[in-house]
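Coordinate inspection notes
Now for the letters of each chain:
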Amino acid sequence: MKNTNAYSAMAACLLTVSFIAACLFFIFYYRFSFNYETEIRHQYNLVFFMPITAVIYLLQTGWKKTFSIKQIAALLIIIVVCILLLSSTYFSFGNEHFFICCSVYLLCSPFLFFRKTISFHIILLFLLLVFLYELGAGFNQLFQADDADNGDRSLLLTGSLQNSGIYGCYLVTQLPFAFYVFLQWKPLNNKEISALPVGLRVTAFLLIFATSLFMIYKTQSRTAYIASFVTTAAWVLFNYGAFIKQRILVLHKAWLTALFFVVLSFIGFAGYFLFGMKKMSAVGRMMKLQITLNHITDHFWLGTGLGRFTWYYPQWQAQYFKDHSQVPTDYFLSAGESYIIFNEYVQLLKEVGLIGFIVFAALLLYFFTSKSAENRKLMFTAKLTTTAVLACGFTSYPFHVNVFLLLLVFCFVLVFSLRENPFILKSSFFIHNRRLAAAVTGCVFLLTVLAGYQGMKAYTAIGKWNDIQNNYVLPAEAKPQLSPVYNVLNSDGKFLTEYGEWLAQNNGNGENTIAVLEEAKKFFITKQTVEATAQAYAAMRNYPRAIENMEWLSNYLPNRFTPMHELLKLYQLHNDKDNLQKAALKILNMPVKFPSAEVDQIKNEARLSINIYRSYENSYRRVH
């Protein structure tokens, strides 16, 4: 028994330290789970957590004789995840969002095997310290913003999260845990967190709460405003729901009708106000939602696959503007280099399909119906934090912010591990089979180690690739070093894009360059990838294929003048006078989102192209 307790304590310590390290990594270094910039490949750093997770499971479960159904399910999911990482082409380390989700799950799932709350409370203290730091960082940026000469000062309030809207949402999601730590935590012998007077702790929390609300207001984040309202409403309903329901039931019918219209009017006014705060941003989100819903039946049952939506959406947006020559001007001006649609639930439905979404809904039901007499307040705090994150998902992208994803999964496993009430199958249902337990634990350990080893190879290959870019200028010289790197990273679209560009810049074989870039487009479709492919085809004088890629890019980014300008030059090189005139006329009629000297020059070139074309036509008619 002493040995098992020691193993469990070691596992808990290792798990807590790993969680804290990952949280710091996500907040201060690697914020988002999808980045279209090819140089951001920080997901490979997470492979170092995989052998740690294997050791944690060995320490915590290697001696166990029985497992609950939910623990067996958690272990089987790990087995599936590791098999995908080892064998799948599209769902491996190069799929950034997919691997982040897998890493967060692998990191948090061991909490399902712990009943003691000491690790949870240490993490809550850590989250509070980081929250206070971020609050201070925001205040420092606020003072700097006051010294700024012009522009939207709210955009400068980002904390460490590089985005003011995400920073506002972060503040909202941290308040429930701060409330719990200051006012409700009783970690040892049912005593308060400290000997500090209740009044002092209440005052401290109220100061933090007021400061947070002020900062949320200053960020002008509409999503944070909505999440604040929803979280507050959830707290009020939980604590005073029975009283409010009792008071409403005794109201006269006329008063109920009046109350209904007041609430409806408030919602309508709030929606109108929030929409008008940043109209073009709201219109852009509506456009993305409409484009996605146009493809709602595509991959309906199983979805595109986790992390693959960012590959499909650019193609849908390009097709939309190709098929619709007349679109609202606001839609035209709002179209940007988009890969997420600011509605996590529609995007999740497209990624996991209807079947996966039903599973997600069932998990939410299991989560919110969980009860615990012993840890009632801690469980409610986790539910309230989850409510805040989920509320942000309707108009933002919290599932693609790494620290939010980590926080969400942490809340789920916290509640699942502390749940006491039954749900369909009794929570007390255990599998008593020593051999089965040992086999499952062994598979988890072996597969996690193998996946970690494969991830280490990819991490090392990334380092070698960076060295090749810095130290070699001739592809022939780098070939011995490139071959093993390519063999490991041949399903990483970012690497393939950089490799293709490197070949093009260093006089590599044109056909090889095109082959690499076309391969990259199977995994990673961005402006950078398509533009590089068009240039590679143009360098080989394959103008039809170059035009095909540049036409796609001009449809994907219809308000950008540079792709249309490049397309105009390709038509000139291909001697396609009809399409040249159409492109020139389109440039002249394009609304200007941001006036600049470059835009004026492009319009002048388009005007000159039309004049040359008309002179050619007139000369042709006179001759014939």
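Per chain, residues are indexed from 1 in the order of the written sequence. The predicted nature of this model means local features are confined to residues of pLDDT at least 70 and side-chain atom pairs, given and counted, to a pLDDT of 80 or more, with totals for whole chains, interfaces and linings taken over all residues. Only hydrogens and water are set aside; all other atoms, that is, all heavy atoms of the structure, feed into the side-chain values.

Quick word on the overall build of the protein
Strands are runs of DSSP state E lasting at least two residues, helices are runs of H or I lasting at least four, and both sets are numbered from the N terminus onward. The number of helices and strands found in the protein is 24 helices and two strands. Against the 2.2 N^0.38 benchmark of 25 Å for 624 residues, the protein shows a C-alpha radius of gyration of 28 Å, consistent with a compact globule. In terms of overall dimensions, the protein has a C-alpha envelope of 100 × 70 × 50 Å along the principal axes. Relative accessibility under 20% of the residue-type maximum defines a buried residue, over 50% an exposed one, and the middle range a partly exposed one, all with a 1.4 Å probe and only protein chains included. Within the protein, the fraction of its 624 residues that count as buried is 50%. The criterion used for residue contact is that any of the two residues' heavy atoms lie within 4.5 Å. At a minimum sequence separation of 6, the contacts of the protein that also span at least 24 residues come to 76%. We get accessible surface area from the Shrake-Rupley algorithm with a probe of 1.4 Å; when it comes to residues, only the shown protein chains can shield them. Carbon and sulfur atoms make up 63% of the accessible area of the protein, which totals about 30,600 Å². The positive count covers Lys and Arg only, the negative count covers Asp and Glu only, and His and the chain ends enter neither. By convention, the point assigned to a charge is CZ for Arg, NZ for Lys, CD for Glu and CG for Asp. When the 52 positive and 35 negative side-chain charges of the protein are each reduced to one mean point, those points stand 14 Å apart. Only C-alpha atoms enter the radius of gyration, while the globule expectation follows 2.2 Å times N to the 0.38, with N the number of residues.

Quick word on the pattern of salt bridges
A pair is scored as a salt bridge if a Lys or Arg side-chain nitrogen falls within 4 Å of a carboxyl oxygen belonging to Asp or Glu. Applying the stated criterion to the full structure yields nine salt bridges. Close ionic contact of K494 with E96 constitutes a salt bridge, the shortest N to O distance being 3.0 Å. Of this pair, K494 sits in helix α18 (residues 493-505) while E96 is found in helix α4 (residues 96-108), placing the two residues 398 residues apart along the sequence. For E548, the salt bridge identified is with R545, shortest N-O distance 3.3 Å. Of this pair, E548 and R545 both sit in helix α21 (residues 543-556), three residues apart, roughly one helical turn. By relative accessible area, which is 44% here, E548 ends up partly exposed. Given a relative accessible area of 30%, R545 falls into the partly exposed group.

Focus: the packing of aromatic side chains
Aromatic pairing here means that ring centres of Phe, Tyr or Trp (its six-membered ring) are within 6.5 Å. Orientation follows from the plane angle: under 30 degrees is stacked, over 60 is edge-to-face, and everything else is tilted. One pass over the full model with this rule turns up 51 aromatic pairs. Note on F309 and W316: the rings are 5.7 Å apart at their centroids and 80° apart in plane angle, and the pair reads as edge-to-face. Summarising the burial analysis for this pair, F309 and W316 share the class buried. Ring geometry for F412 versus F416: centroids 5.7 Å apart, planes at 85°, classification edge-to-face. Of this pair, F412 and F416 are both found in helix α15 (residues 402-418), four residues apart, which corresponds to roughly one turn of the helix. Of the two residues, F412 and F416, both sit in the buried class. Through successive ring pairs, a cluster of aromatic residues spans F34, Y36, Y339, W552 and Y556. Any Lys NZ or Arg CZ found within 6 Å of a ring centre and within 35 degrees of that ring's normal is scored as a charge over the ring. A cation over a ring is seen here: R308 above W311, with NZ or CZ 4.5 Å from the ring centre. A cation sits over an aromatic face here: R419 above Y366, 4.1 Å from the ring centre.

Thoughts on the nonpolar core
Only buried Ala, Val, Leu, Ile, Met, Phe, Trp, Tyr and Cys residues count toward a nonpolar core, and they belong to the same one when joined by side-chain atoms within 4.5 Å. In terms of nonpolar packing, the biggest core is built from 182 residues, with C108, F111 and F410 touching the most fellow members. For this core, the element with the most residues is α15, which contributes 15 residues.

Thoughts on the packing of helix α8 (residues 222-249) against helix α9 (residues 253-277)
Every axis in this analysis is a line fitted to C-alpha atoms, fitted for helices over the stretch in contact. Angles between the N-to-C directions lie between 0 and 180 degrees. For the pair α8 and α9, the least separation of the axes is 13 Å and the interaxial angle reads 170°. The orientation of α8 relative to α9 falls into the category roughly antiparallel. Residue-level contacts link R222, Y225, I226, F229 and I248 of α8 to L256, F266, L274 and M277 of α9. Looking at side-chain class alone, the contact of α8 with α9 contains eight nonpolar, no polar and one charged residues. Convention used here: angles under 35 degrees read as roughly parallel, angles over 145 as roughly antiparallel, angles from 65 to 115 as roughly perpendicular, and any remaining angle as oblique. Charged residues are taken to be Asp, Glu, Lys and Arg, nonpolar residues to be Ala, Val, Leu, Ile, Met, Phe, Trp, Tyr, Cys and Pro, and polar residues to be all remaining types, Gly included.

Side note on helix α17 (residues 475-489)
By this rule, a helix spans an expected 1.5 Å times one less than how many residues it contains. When the terminal C-alpha atoms of α17 are compared, their 17 Å separation across 15 residues is substantially less than the 21 Å that a helix rising 1.5 Å per residue should span. The largest bend along α17 reaches roughly 55° and is located at Q481, with the proline P484 sitting one to four residues downstream. Buried within α17 we find P475, A478, L482, V485 and L489. Considering only its buried residues, α17 is in contact with α16 (434-471) and α18. At every residue, the bend is computed as the angle between two fitted axes, covering the seven residues ending there and the seven beginning there respectively.

A word on a nonpolar patch on the surface
On the surface, a cluster of nonpolar side chains totalling about 980 Å² of accessible area is made up of I226, F229, V230, I248, L251, W255, L256, L259, V263, F266 and I267. Going through the elements one at a time, α8 and α9 are the ones with two or more residues in the nonpolar patch. When residues of the nonpolar patch are assigned to their parent elements, the largest contribution, six residues, is made by α9. Structurally, L256 is set in helix α9. Exposure above 30% relative accessible area and the absence of a salt bridge qualify a residue for a patch, where like charges join within 9 Å and nonpolar side chains (Val, Leu, Ile, Met, Phe, Trp, Tyr) within 5 Å.

A word on the environment of W465
Take W465: it is sitting in helix α16. The spatial distance from the C-alpha of W465 to the C-alpha of Y499 is 8.8 Å, given a sequence separation of 34 residues. Excluding residues that lie within four positions of it along the chain, W465 makes contacts with R41, L482, V485, F495, E498, Y499 and W502.

Quick notes on unusual backbone geometry
Despite not being glycine, Q220 has its phi angle at roughly 55°, a positive value. Since its relative accessible area comes to 33%, Q220 is described here as partly exposed. Look at N575: it is not a glycine, yet its phi comes out positive at around 60°. If you trace the backbone, N575 turns up in the loop between α22 (561-573) and α23 (577-589).

Description of the environment of F19
The residue F19 is located in helix α1 (residues 2-28) in this model. Exposure remark for F19: the relative accessible area of 1% places this residue in the buried category. When near neighbours in sequence (up to four residues on either side) are disregarded, F19 contacts L107, C108, F111, I123, L406 and F410.

Concerning the packing of α4 against α15
As a packed pair, α4 and α15 sit with axes 10 Å apart at the nearest point and diverge in direction by 40°. It follows that α4 is oblique to α15 by the angle criterion. Once α4 is placed against α15, the crossing between them reads as right-handed. Taking contact as the criterion, the partners of I100, C101, V104, L107 and C108 in α4 are, on α15, N402, L405, L406, V409, F410 and V413. Grouping the constituent residues of the contact of α4 with α15 by class yields ten nonpolar, one polar and no charged. The hand of a helix crossing depends on one turn: near helix anticlockwise from the far one by less than a right angle means left-handed, and clockwise means right-handed.

Remarks on the side chain of K383
Locating K383 in the fold gives a position in helix α14 (residues 376-392). For the buried K383, no salt bridge exists, and the shortest N-O distance to an oppositely charged side chain is 11 Å, to E420.

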